[in-house]
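# Coordinates in review
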Amino acid sequence: MMNRLVILVIALLLLTSNVFSRQHKQQKAENPDYPYTVAASPWQEELGNHRVEFKVRQVAAHISVKVQWRRRDVDAAAKGIIVQDAAGNTVANVYRISFDREKAELAIGPVTHPGTYYLYYLPVTGKKNIGWWEGRYNSPEASPSAAWLQQWKTDSLAGKKSLVAEVVGMQSRTAFDSFFPMEVCASAAEANQLRQRFPQPFLVFPESREFAVRMKDDLPLRWIRNGPSGRFRGRALRNEYYVFQLAVYAARDSIADLQVAPGSHLVTSFNSGGINARGQSFKNKISIPRRQVQALWFGVDVPRDTNVRQLKFPVILTANGVDKKIEVVLDLSDSVLQDRGDGEPWRLSRLRWLNSTLGIDDLPVAPYAALARQDRVIKSTSATLEVAGNGLPGSLLAGNRSLLAAPMELEVEDADGLLKFTGNRPLFEFEAPGKISWVAITQASTLQMTSRGRMEFDGTIQYRVVLKALRDVNLKDIRLDIPVQRSTAQYFMGMGRPGGFCPELYEWKWKGPQDAWWIGAPHAGLHVELQGASYTGPLLNLYKPSPPPSWYNNDKGGFSVRHLGDTVHCVSYSGARTLAVGDSVCFDFKLLVTPVKQLNTHDQFADRYFHNGNFPNPSMEDLRTGIKIVNLHHANPYNPYINYPFLTLDSLRYFIRKWHAQQLKVKLYYTIREITNQLPEIWALRSLGDEILADGKGGGFPWLREHLGSHYDVQWFTPINGYQESDAAIRTSGESRWYNYYTEGLRWLVANTDIDGLYLDDVAFDRFLLQRMRKVMDATKPGCLLDLHSNTGFSKGPATQYTEFFPYINKLWFGESFQYDKMPADNWLVEVSGIPFGLMGDMLQGGGNPWRGMVYGMTVRYPWSTEGVYCDPRDIWKIWDSFNIAAAKMIGYWEKDCPVTTSDSSILATVYVQKNALLVAIGSWAEKEKSITLNINWKALSMDSTGRKLVQSAIPNFQEQGQYRPGEAIIVKPGKGLLLEIR
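Residues numbered from 1 in each chain as written. Predicted model: local features only at pLDDT ≥ 70, side-chain atom pairs only at ≥ 80, totals over all residues. Heavy atoms only, no water.

Moving on: the packing of aromatic side chains. Two aromatic rings are characterised by how far apart their centres lie and by the angle between their planes. The full count for this structure, using the stated rule, is 64 aromatic pairs. Aromatic side chains Trp 69 and Tyr 121 sit 5.1 Å apart centroid to centroid with 40° between the ring planes, which places their arrangement in the tilted category. Of this pair, Trp 69 sits in the loop between strand 3 (63-67) and strand 4 (82-85) while Tyr 121 sits in the loop between strand 7 (115-120) and strand 8 (124-128); the two residues are 52 residues apart in sequence, bridging distant segments of the chain. Accessibility expressed as a relative area gives 2% for Trp 69, which makes it buried. (Phe/Tyr/Trp six-rings, centres within 6.5 Å; stacked < 30°, edge-to-face > 60°. Helix = DSSP H or I, 4+ residues; strand = E, 2+ residues; numbered from the N terminus. Buried < 20%, exposed > 50% of the residue type's maximum accessible area, 1.4 Å probe, protein only.)

Here it is, written out as structure tokens:
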């Protein structure tokens, strides 16, 4: 009986196998495997990136073309096609007999000669612009002529079948455009047959890194041919960080929580979790909708020194009550990969950087010294804080200048007035050279207040204040009152107000992308950021987060500035609310004392920039003008792809070595807000959902549409000269593990290409990452430089939004969209110059205003072009050099003791003082021509006025030659000015 049963089972298995074999052979006949190739040279872009090659054996009025193209685009029928012969002549008539994303049958004609023909099936009408691609896929082709179509129908009815073309294969325009093999889709019938053959709840398809999983909604034909597997085998070098994938297909039902358990401590599952941008571990919940694919990426930390020839370990996948064990075998080569694979992007070894904690520590970085605490007083290089009993600042000093007129208070008001909180002294919980933190707990009749504070070495003070209801309570308001000394509160910016003189009264509600403000003077100030929103970085105008809930309080919150006697009260209020017993509300805010460092005028005048995007090489003549730093932008042959400089390392190294030999520093464009579509890790990052690559409405350049499909946000686009693969960037998600990757990438670039720093172009991250970057650069190559550019379209009021960056920045380039001729002097000082914060900068928009710019020590950046203006400060640089301005002391009109003033308050002067000479920069904010005299305090300058003359050297496009005696009238044109050397 048992033998008969065994025979029966074997027979059924053989029968099933034979049936499937017949189905498979039939399927192979119906679905030929075309060869997929890349064109020997790219065809014209308007024809699209993909074509079917077919042969026609003879002349005919009409022929039939049958192709199984296995397309990803679900709306294939809505896109046009173009049929041409090898010479580029278009076949006049195309009739769609059947047409969908899996296959098509066409009648075309007339065919006037035999030979090779091409069916272009994703043609576009578009234009490559600097910054964006505009265009669309062609609509379906025009209907064939009535006469030709009638002939085809007549012949068909008469039984005269069309000749059938021989499909030779599928071609892509470039290798980067190719769909093969991971985007060649299985048909619905093939996917159904696979599910019938393998009835498990989920199927696993192991893949090497060379075959990145690209599709979630479709199965690659490759998987139909190969089938699922419980084994992966690869070959790795010793010391390599080896990467592979397991693709999980939810064949039957959705998977709510896929568990991944690698059976070795050497293995990392990137999709399961990792280390976030703050250095904290986290776990991900992996869910897979029914009949969708989730790629799981793994990294194996292959040891350098091991005696084994193989690494073997299991990966256990558990879902819907089912375990699957995947055996992983890596054959080890005798060779050692010294750099883990990081120098070869295709290896994807740098995925391990996603979990890096590089640069996260509690140590200070130059020029800042370690914090020092004496009782409740904490002193940093630039600021001194006295912690009051409630944990908030009792006093604040910028240098030796006092900022506060009274202690800072978080005031809580109910129907009976202000609540009185009492409690113990603050408890200092943690102390390190770069950070000191404390907690203070106080209590009123109805509330408990817990204030946690942290001061860091750069003068930043972070607060979280939590109010917890001890019983049900109705509150009229909770507000942060920062009382600033009137003598310090000269200027103000933020909360919807441009930088300038501090208003006597200002009221603001939560409108527009604002969350911060600054108040102060050139030598003492305070920046305050109200936190708690989903995004608190600088690009509020791009991300437009909702306001912090506790401060906003359903639009009951707001902000005000009021002068009362010698005190200016800056109040952030939140309005009325009700708290039930046990409820709590949290208020986060951050303070930064300014200036963050001493003004370095020497470097401003000595370290001159050459910044010319697509043509980054200065000439020998340029070198003679005193340039010291070259900014290597993106979108050029040395650094073609935005924010991913790892693909052209030979060119990059050549450029850096070339200019280092000329004693120039080279800084690189490398930021994080967006990322090129060229990065090799793009498919691994896509597998992480929107953790790193932001969600969006899609569209944009055809490559993005054809390969990413949907759920991405189009950003900068660049057609790159000499490169077929254009740079089509997509937006990153904000704070994520990409910050860790970026930090490691920066270290690698400094160490392996010898760059001298970075040019930052409107970045999305906050000071925490910038602090990491500065630490990494200084540890790898001390003296690296950072300069920061911003466009007000991204950061509304960049000086306000980027203030927290200033401790780590060497130079500013705020100016895109700035209207220099319309901005008053106080706005120039606060929002453009950087001077109140200890920084200096360059002008941009429309070439700036060279006369006013010199009042703040600024010129344009050579040789940038903007709004049709070629920025060329070299003639002004000649005056700098002849006067040796880099060694001079700069005294601006904003200083109380400025020794040179003018007789007109609308015309301002800054003086650069040498041992026995002066250079006076005069800038006019007058609406008409003025005659002025200079008031020179010779005694304050320790100079004798005898025999002095005011020399006006000729400077092209700036001023004509002239000379004046002290006290003589000087004519100044409106909106312009002069540079006078007093000898």
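Having seen the structure, we can now continue with the description.
We now examine the confidence of the model for the protein. Per-chain confidence: the protein averages 94 in pLDDT, with 96% of residues scoring 70 or above. Note on residues 1-30: pLDDT under 50 across the span, and nine contacts to partners over four residues away in sequence or across chains. (pLDDT = per-residue confidence, 0-100. Contact = heavy atoms within 4.5 Å.)

Strand order in the open sheet formed by six strands is 46-47-48-52-53-54, and the pairing between neighbours is parallel. Looking at the sheet topology across the chains shown, the edges are occupied by strand 46 (608-611) and strand 54 (811-816). With direction set aside, neighbouring strand axes in the sheet form an average angle of 25°. Relative to strand 47 (residues 627-632), strand 46 runs parallel, the two sharing four bridges. By the bridge assignment, Tyr 609 is partnered in strand 47 with Ile 629. (Pairing = 2+ DSSP bridges. Axes fitted to C-alpha atoms, helices over the stretch in contact; angles between N-to-C directions.)

Right, let's get into the nonpolar core. Counting residues in hydrophobic clusters, the biggest one holds 238 residues, and the most contacted among them are Phe 54, Ile 482 and Tyr 856. Per-element accounting of this core gives the leading share, eight residues, to helix 12 (residues 738-753). Each residue touching Ile 482, except ones within four places of it in the same chain, is listed here: Leu 404, Met 408, Trp 517, Leu 526, Val 528, Val 568, His 569, Cys 570 and Leu 591. (Core = buried A, V, L, I, M, F, W, Y, C linked by side-chain atoms within 4.5 Å.)

In this structure, Pro 181 follows Phe 180 across a cis peptide bond, with omega equal to -5°. In this structure, Pro 181 sits in the loop between strand 11 (166-172) and helix 3 (188-197). Between Tyr 862 and Pro 863 the backbone carries a cis peptide bond, its omega angle lying at -10°. For Pro 863, the location among the structural elements is in the loop between helix 16 (850-855) and strand 55 (865-866). The phi dihedral of Asn 239 falls on the positive side, at around 75°, and the residue is not glycine.

All right, on to the packing of helix 9 (residues 649-660) against helix 12 then. Running from N to C, helix 9 and helix 12 cross one another at 60°; their axes reach a closest spacing of 10 Å. In terms of orientation, helix 9 and helix 12 fall into the oblique class. Note on element contacts: helix 12 touches helix 9 through Trp 748, Leu 749, Asn 752 and Thr 753, opposite Leu 649, Leu 652, Arg 653 and Ile 656. A class-by-class count of the residues in the contact of helix 9 with helix 12 yields five nonpolar, two polar and one charged. (Parallel < 35°, antiparallel > 145°, perpendicular 65-115°, else oblique. Nonpolar A, V, L, I, M, F, W, Y, C, P; charged D, E, K, R; others polar.)

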